[in-house]
Structure formats: C-alpha cells, structure tokens
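Residue strings, one per chain:
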Amino acid sequence: MKLSDLVGEMSNPIHFLNRPVPQELMLELLNYAIWAPNDGLREPWRFIFADNQNGGLMQGLQEPAPAYLLVVMREEADRHKREEDFAAVCCMIQNFRLLAHEHDLGVRCTLHDWMYDRSRAETFGVLGSERIAAVLELGYVTAHLKEKPEAPELQLRFELL
Amino acid sequence: MNLSELIRERRSIRKSNSRPVEQELVVELLSSAARLQPPIDAGSWRVVYAGTPEANKRLVDCMLAQMSQSKLGKLIPGKLLDVFKKRFTDIPAHVIVMSTVGPDRLTNDRNYASVCGMMQNFQLLGWERGLGMLWDTESIIQHEGFFKGIGLRKDERFVGILHLGYYDKAPRSRKRTPAEQKWTVFQGHAT
Ligand SMILES: Cc1cc2nc3c(=O)[nH]c(=O)nc-3n(C[C@H](O)[C@H](O)[C@H](O)COP(=O)(O)O)c2cc1C
C-alpha cells in the first residue's frame, strides 16, 4: 500500500475488537518505525509493552484497550536536545501508527497529565532519567477503519515569508 | 514503494540539485500530511513558506544574522560566511513550522506532538514523490532576530525548518538499534 492511499483513513474513530495483540508483530512494525529521523542518531526511545488481556490495567489512567505501549524517552539535560528528542519520538510514533493501520491495528496516541507524575511513571518501570512521551492504546479494529469519510474542510495555515 | 519500504528508505537530504520545487506541490503535500492525522485542532500549527530567490535570501539573512554579528561570528572570515550562506541559498524551498503554545504543559506537548507527526507524514509524502527534506533545528539559528524574521508570534513556538529539494543520490543509511533491545514487557499490577 502506498502512503498517499491512506490519506483520509487515519481520522476514523477507533473501536477495538477483543483480540490479543501479538508482541512479535509489534516488534516487526517497530523495527521499521525506528527509521524515523532523529537528531544525532540518539534514538531517544524505549518501549514498555503492557498486555491487557485480563482487563483492568491502567484503569483510571487510560481508556480500555487490548494492549498498551508506553513510549519512554531518555531526558537530556539540555532543553534544546530534549525538544529535538521529543520530536523524533513523535515521528517514530507516527511511522508506527501508519504501519499498524496497514495491519488493521488501531493506535490511539495519548498524552495525559498523569504521565508527568514521576512516582506514577516509576510503577511502570520508567527510570528517573526518563519520561513517558506518550501511551499508545492498541488493538485490532474492524475493517471499516479503512473507509474514507467525507473529508472535513481543512484550513491549512500557510503563509509566505 | 510500499509503506514499510518508504519509511525504511527515507533519508535526510543535505544536498539538493537545482530542480525547482513547486509551491502547489508543497501545499498539496501539507494538506495530505494533515489528513493523515487524527482530526486535531487545525489551529495548533502554522507554516511559513519560502520558495522564491528573494524570500530565500531574506530567510538565510535572518538565519545567519546572529552568527555574523556575534563575537565568534566576527572571527569567521567573510569568505567562509559566504560559503555558508550560499549553501543555504542554493536550497530551493523551506517550510518553517510553528506550533501554538497553550496555557499548560499538556496542551503544549499535545500540540507539539501532533505537528511533529504531521511533519513526518510530510517528509514521507515528499519522499514518495522524490522530494527530499532536512529537518533543521540548529541552535545557532534560534535567536530573537530569526524569530522576528520568520514572524513568530507570542503564542507560538518554533518547531523546525524543513529544507526542501530534489536530490541526485540518496545518502547511505546509518544503522539503528533493533527494537528488541529497547523492549520490556510490563508484568506488574500498577494503578
Ligand atoms: C527534530 C529533529 C531535528 C533535526 N535537526 C537537525 C539539524 O539541525 N541538522 C541536521 O543536520 N540534521 C537534523 N536532523 C536530522 C537528523 O540528523 C537525521 O534524521 C539523522 O541523522 C538520521 O538520518 P536519516 O533522517 O537520513 O535517517 C533533525 C531531525 C529531527 C527529527
């Protein structure tokens, strides 16, 4: 599938099916996703996978989902580098969302206030030198994810220098 | 080119050829890039485009203003500065991206994350058309004069410049760490 074919499909709301998410597939997709641009090739990311087959995991923190992927980022002392690293992580996540879509996997990329809470993050194994960049809610979705709804009017804010 | 090949093969392009970049294509790719995202607040980012020789010159001047005026810059021989200038002036087009600053950290992070995702879509869509890019955040350009030059507003932050151009040959890729080495499975019962 070509990327341009996916335009319009990525904005459908995601409803998960009750099916397990195989780790091998996650790793396979991530091994492509990590070809994201990243300054200084610092590869600032790390992954914590949490299966939610039995339900109840991350209750009160996240919406229910068959699995979660915590995307953890090393925190550089330098603010400028921290920003670049966060940008790189976002590019990597975007790659992953696109790849997952091709496999009928829905990805909700979420950022919430609890992720800034160090002691909360620690309970998931996040180190003091790291932060949670985002939590991805993952699961298989029905094929209608591939429908293209009426394109919403898009106001591109594009100006000339 | 399928999606995984596209993602794997995209490279940052630091040397472009002289083939011009069409503004219409840039607008088309940006619209598509935005439509590969969840429907987000469209007001959370803005781009400023430089694609004519005059605009490019203005951009390069404000990028390098600090450098040429700083103490260190004064030590740089004029000739070297010219070489530096020419390197940028030869790039056919530039997309400057800014994201809206919100009232709190979470809004800022969300806005920033979503515009970065859009920029990755844009880089990939460009690559699909043979258009190369380089995401530039060099700290040397990040100063007052530059922000003023690009028209950055009070409620905005600078995310990066994407330098755009067609290329003769893509550079070789550099090895990445396999995901398996950065993978942990959570076993506990947090929350
Ligand atoms: C947020 C961000 C900022 C970057 N800033 C620069 C930069 O200022 N100068 C530069 O040469 N490359 C910059 N890059 C590009 C990286 O150097 C490049 O992605 C990395 O070397 C990997 O090469 P590849 O993109 O060809 O895979 C940046 C990339 C990102 C994501």
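Here, the structure is the one placed above.
These remarks concern the structure in this document. (Residues numbered from 1 in each chain as written. Chains lettered and ligands numbered in written order. Predicted model: local features only at pLDDT ≥ 70, side-chain atom pairs only at ≥ 80, totals over all residues. Heavy atoms only, no water.)

**Remarks on the overall build of chain A**
Part 1: The secondary structure content of chain A amounts to 3 helices and 5 strands.
Part 2: In chain A, the order of α-helices and β-strands from amino to carboxyl end is α-β-β-α-β-α-β-β.
Part 3: Relative to its length of 161 residues, chain A is compact, with a C-alpha radius of gyration of 17 Å against a globular reference of 15 Å.
Part 4: Projected onto its principal axes, the C-alpha coordinates of chain A cover approximately 55 × 45 × 30 Å.
Part 5: Taking all 161 residues of chain A together, the buried fraction comes to 55%.
Part 6: Considering only contacts within chain A whose residues lie at least 6 apart along the sequence, 77% involve residues at least 24 apart.
Part 7: Only carbon and sulfur atoms are counted for the fraction: they give 48% of the accessible area of chain A, which is about 7000 Å². (Helix = DSSP H or I, 4+ residues; strand = E, 2+ residues; numbered from the N terminus. Rg over C-alpha atoms; globule rule 2.2 N^0.38 Å. Buried < 20%, exposed > 50% of the residue type's maximum accessible area, 1.4 Å probe, protein only. Contact = heavy atoms within 4.5 Å. Areas by Shrake-Rupley, 256 points an atom, 1.4 Å probe, with all protein chains shown as cover.)

**A few points about the sheet that holds strand E5 (residues 158-160) of chain A**
Sheets are built from strands that pair by backbone hydrogen bonding, the pairs being arranged parallel or antiparallel.
Part 1: Strand order across the open sheet formed by 5 strands is E5(A)-E1(B)-E2(B)-E4(B)-E3(B), with mixed pairing between neighbours. Among the strands making up the open sheet, the edge pair consists of E5 of chain A together with strand E3 (131-136) of chain B. Recorded for the sheet is a direction-independent mean angle of 25 degrees between the axes of neighbouring strands.
Part 2: Two elements, E5(A) and strand E1 (residues 45-50) of chain B, share 3 bridges in a ladder whose sense is parallel. Residue pairing for E1(B): Phe158(A) is matched across the bridge by Val47(B).
Part 3: Set on the sheet, helix H6 (residues 105-128) of chain B makes contact with E1, strand E2 (93-100), E3 and strand E4 (156-166) of chain B; between it and E4(B) the angle comes to about 5 degrees. (Pairing = 2+ DSSP bridges. Axes fitted to C-alpha atoms, helices over the stretch in contact; angles between N-to-C directions.)

**Re the nonpolar core**
Part 1: One finds Met92(A), Phe122(B) and Leu164(B) to be the most contacted residues of the largest nonpolar core, which totals 81 residues.
Part 2: Residues contacting Leu164(B), with those up to four places away along its chain left out, are Val21(B), Val26(B), Ile91(B), Pro92(B), Ala93(B), Val95(B), Phe122(B), Leu131(B), Gly132(B) and Met133(B).
Part 3: In this structure, Val60(B), Met63(B), Leu64(B) and Met67(B) belong to the second largest nonpolar core, which totals 21 residues. (Core = buried A, V, L, I, M, F, W, Y, C linked by side-chain atoms within 4.5 Å.)

**Describing the packing of aromatic side chains**
Part 1: Overall, the coordinates contain 9 aromatic pairs over all chains when judged by the stated rule.
Part 2: When the ring of Trp114(A) is compared with that of Phe124(A), the centres are 5.7 Å apart and the planes differ by 45 degrees; the resulting orientation is tilted. Taken together, the residues span a long stretch of sequence, with Trp114(A) in the loop between strand E3 (105-110) and helix H3 (118-122) and Phe124(A) in the loop between H3 and strand E4 (130-140) at a distance of 10 residues. Phe124(A) carries the same exposure label as Trp114(A), and that label is buried.
Part 3: Geometrically, the ring pair formed by Phe124(A) and Phe186(B) is tilted, given 5.1 Å between the ring centres and 50 degrees between the ring planes. A residue pair is termed interchain when its members come from two chains, as with Phe124(A) in the loop between H3 and E4 and Phe186(B) in the segment after strand E5 (183-185). (Phe/Tyr/Trp six-rings, centres within 6.5 Å; stacked < 30°, edge-to-face > 60°.)

**Focus on the interface of chain B and chain A**
Part 1: At the junction of the two partners, chain B supplies 73 residues and chain A supplies 64 residues.
Part 2: When chain B packs against chain A, close to 6400 Å² is buried across both sides, 63% of that on carbon and sulfur atoms.
Part 3: When the area that chain B buries against chain A is broken down by residue, the three leading residues are Arg35(B), Arg176(B) and Trp183(B), summing to 13%.
Part 4: Along the contact surface separating chain B from chain A lie 4 salt bridges. (Buried area = accessible area lost by both parts, 1.4 Å probe. Salt bridge = Lys/Arg side-chain N within 4 Å of Asp/Glu carboxyl O.)

**Regarding the environment of Ser4(A)**
Part 1: Assignment of secondary structure puts Ser4(A) in the segment before helix H1 (23-33).
Part 2: Taking relative accessible area as the criterion, Ser4(A) reaches 31% and is therefore assigned partly exposed.
Part 3: Not counting chain neighbours up to four residues away, the residues in contact with Ser4(A) comprise Leu125(B) and Glu128(B).

**With respect to the site of the ligand**
Part 1: Taken together, 16 residues lie around the ligand, and Asp39(A), Arg11(B), Ser12(B), Trp135(B) and Arg176(B) are the ones closest in.
Part 2: Per-site note: the chains with residues close to the ligand are chains A and B.
Part 3: At 2.6 Å from an oxygen atom of the ligand is found a side-chain nitrogen or oxygen belonging to Ser12(B).
Part 4: One of the backbone N or O atoms of Trp135(B) is found 3.0 Å from a nitrogen atom in the ligand. (Near = heavy atom within 4 Å. Polar contact = N/O pair within 3.5 Å; in protein donor to acceptor, adjacent residues only side chain to side chain.)

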